[in-house]
Amino acid sequence: MARKATKAANNMYYKARMRAAEFNDKLKSREGAAELLSVDPTTLAKYELETLRVSADIATLMAEVYNAPELLNYHCTTDCVIGCKNMHRIEEKPITVVSLQMIHNLQEVECAKNTLLDIVQDGIISKDEEPMLQQVMEYFEKIKKTVDELQLWAEKNIKKEHL
């Protein structure tokens, strides 16, 4: 029986492997997981202990092998210089929560659309319009994040042939 890691217990890659191990016994051990990932078990240990940075290729493979698409977002928002600056961290949430957030966000879309039209109708964004534009952009960012959370749920829970 595989021992539960204590030092790696809070590592996202380790957690994803342990969740996946519920469906694939080979993932219960680092040796089995390392074989599926085509890496050395010591290298996998270093990833899980955060003493070695996970490459984009390995993060992509882990996401696939572990059925953990959330690892892609995690990798991009923690290990990628560009992603850290341009992406938001998304959380895995139940479909009911994501759906309610989406419905709530969409109720405000008409107001955001009208505000944006008011701001840009003359082709000039004045100093007094900048705060309103910032609010509109923040609103669209909320929608974008909710769409990403919905997409994550779908990728994780719906068979790929149905997407």
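Bear in mind the structure is a predicted one, so any value in this text is a computation, not a measurement. (Residues numbered from 1 in each chain as written. Predicted model: local features only at pLDDT ≥ 70, side-chain atom pairs only at ≥ 80, totals over all residues. Heavy atoms only, no water.)

Draft legend 1. Up close: the packing of aromatic side chains. Scanning all chains against the criterion turns up two aromatic pairs. Centroid distance Tyr 13 to Tyr 74: 5.5 Å. Interplanar angle 80°. Geometry classified as edge-to-face. Placement of Tyr 13 in helix α1 (residues 12-21) and of Tyr 74 in helix α5 (residues 70-78) is noted, with a sequence separation of 61 residues between them. No difference in accessibility class separates Tyr 13 from Tyr 74, as the two residues are buried. Taking 5.5 Å as the distance between ring centres and 55° as the angle between the ring planes, the aromatic pair formed by Tyr 139 and Phe 140 counts as tilted. (Phe/Tyr/Trp six-rings, centres within 6.5 Å; stacked < 30°, edge-to-face > 60°. Helix = DSSP H or I, 4+ residues; strand = E, 2+ residues; numbered from the N terminus. Buried < 20%, exposed > 50% of the residue type's maximum accessible area, 1.4 Å probe, protein only.)

Draft legend 2. Representation of α5 within the structure. Those residues of α5 that sit buried are Glu 70, Leu 71, Asn 73, Tyr 74, His 75 and Thr 77. The elements touched by buried residues of α5 are α1, α4 (56-65), α6 (81-86) and α9 (130-157). (Contact = heavy atoms within 4.5 Å.)

Draft legend 3. Looking closely at the packing of helix α8 (residues 109-120) against α9. One can describe the packing of α8 onto α9 by two numbers: an axis separation of 10 Å at closest approach and a directional angle of 145°. Considering only the axes of α8 and α9, their crossing is left-handed. Between α8 and α9, the contacting residues are Val 109, Ala 112, Thr 115, Leu 116 and Ile 119 on the first element and Met 132, Leu 133, Val 136, Tyr 139 and Phe 140 on the second. Residue composition of the contact of α8 with α9, grouped by class: nine nonpolar, one polar and no charged. (Axes fitted to C-alpha atoms, helices over the stretch in contact; angles between N-to-C directions. Left-handed = near helix turned anticlockwise from the far one by under 90°. Nonpolar A, V, L, I, M, F, W, Y, C, P; charged D, E, K, R; others polar.)

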